[in-house]
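The chain contents come next:
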Amino acid sequence: MSARVGTDLLVTCPHCEKPALAGVLGEASDHSGDDGPPYLLELVRCGKCRKPFLTVEEDYGEGWDGEPGVLWPKQQRPLSLHVPEDLRRTHSEARRCFSAKAYTATAVMVRRTLEAVCVDQGMVGDASGLPKPLFNMLEELRDQGKIDGRLFEWAHELRALGNQGAHYSSTSVTREDAADGLALSEALLDYLYVLHAQFNTFKERRQAARDKRRNHKVPSPDARKKVSDAEQGTNPQTEE
């Protein structure tokens, strides 16, 4: 029996949507690294509603991260490994805030994800060496053609939602706004990292096919006839 079977994990149950101690019923791990970092799957049962679900933890070099995410029943899809690890971590924290119904914190972490994207894309600093405001970094992303006008509009609204969460006011962040913020930020990550990489692969494959066709010379009719005659062991110049 594994050392974890029979112990409890503190996790938000996907069924009752409440933080609870979930008992570990079984586990399995993969250290091959074929599809990303090593991961640990755990079948657990919620201590409150008693329903089972499946969790996953990852090892980024310091052991299992101790922050199990719900793998099944899946309410949120995993981010692609094309998205840089720091961005996945930041966005995962936004997801955990949402799962805990901390919608204001979700908005703040969505904004943080947006800022991390800008930094990863090189939109930092100005002539004086001071950090740029997030709005200016988003403008630069648009001006450099890394996002189009519609994505810029989305990103600007996410920035405003994050500001609403970060500064006290009488207007609270609703569950719907937090959910939309998560979805839009994931769309931005997909566009910049997943679809961009997929499109580059597509272009490279298409170019390789064009190069292959260009380098493949089709023999002339005379050349094809000579090959055919040679294969048949005849020479049209010596035939009677």
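Residues numbered from 1 in each chain as written. Predicted model: local features only at pLDDT ≥ 70, side-chain atom pairs only at ≥ 80, totals over all residues. Heavy atoms only, no water.

Caption draft 1: Structural context of unusual backbone geometry. Look at the link from Trp-72 to Pro-73: it is a cis peptide, with omega at -5°. Note on placement: Pro-73 falls in the loop between strand S5 (69-72) and helix H1 (85-99). For Arg-50, which is not glycine, the phi torsion reads 70° and is therefore positive. Turning to its location among the elements, Arg-50 is positioned in the loop between strand S3 (39-46) and strand S4 (52-58). (Helix = DSSP H or I, 4+ residues; strand = E, 2+ residues; numbered from the N terminus.)

Caption draft 2: Representation of helix H2 (residues 103-120) within the structure. For H2, spanning 18 residues, the distance from its first C-alpha to its last is 25 Å, which sits close to the expected 26 Å at 1.5 Å a residue. Buried residues of H2: Tyr-103, Thr-106, Ala-107, Met-109, Val-110, Thr-113, Leu-114, Val-117 and Cys-118, and no others. As for H2, its buried residues are in contact with H1, helix H3 (134-143), helix H4 (149-166) and helix H5 (175-215). Count one or two residues on from H2 and you reach Gly-122, which has phi positive near 85°. (Expected span 1.5 Å × (residues − 1). Buried < 20%, exposed > 50% of the residue type's maximum accessible area, 1.4 Å probe, protein only. Contact = heavy atoms within 4.5 Å.)

Caption draft 3: How the structure looks around the environment of Glu-67. As for its placement among the helices and strands, Glu-67 is situated in the loop between S4 and S5. Once the C-alpha coordinates of Glu-67 and Val-11 are considered, the two residues, 56 residues apart in sequence, prove to be 7.9 Å apart. In this structure Glu-67 touches Val-56, Glu-57 and Arg-96, once residues within four positions along its chain are discounted.

Caption draft 4: Molecular detail of the sheet that holds S4. Across the sheet, five strands lie side by side as S1-S2-S3-S4-S5; this open sheet has antiparallel pairing. The sheet is open, and its two borders are formed by strand S1 (8-12) and S5, each paired with just one other strand. Direction aside, the axes of adjacent strands within the sheet are offset by 45° on average. Alignment of S4 against S5, held across three bridges, turns out to be antiparallel. Residue pairing in the sheet places Thr-55 in a bridge with Val-70 of S5. (Pairing = 2+ DSSP bridges. Axes fitted to C-alpha atoms, helices over the stretch in contact; angles between N-to-C directions.)

Caption draft 5: A look at the environment of Gly-61. Assignment of secondary structure puts Gly-61 in the loop between S4 and S5. Given the relative accessible area of 68%, Gly-61 is considered exposed. Sequence spacing of Gly-61 and Pro-37 is 24 residues, and the spatial spacing of their C-alpha atoms is 8.6 Å.

Caption draft 6: The arrangement of the nonpolar core in detail. One finds Leu-114, Cys-118, Leu-138, Ile-147, Leu-189 and Tyr-193 to be the most contacted residues of the largest nonpolar core, which totals 32 residues. Listed by contribution, the elements that provide at least two residues to this core are H1, H2, H3, H4 and H5. Ignoring anything within four residues of it in the chain, the contact list for Leu-138 reads Leu-114, Cys-118, Ile-147, Phe-152, Ala-155, His-156 and Arg-159. In terms of nonpolar packing, the next biggest core, distinct from the first, is built from 11 residues, Val-5, Leu-9, Cys-13 and Val-70 among them. (Core = buried A, V, L, I, M, F, W, Y, C linked by side-chain atoms within 4.5 Å.)

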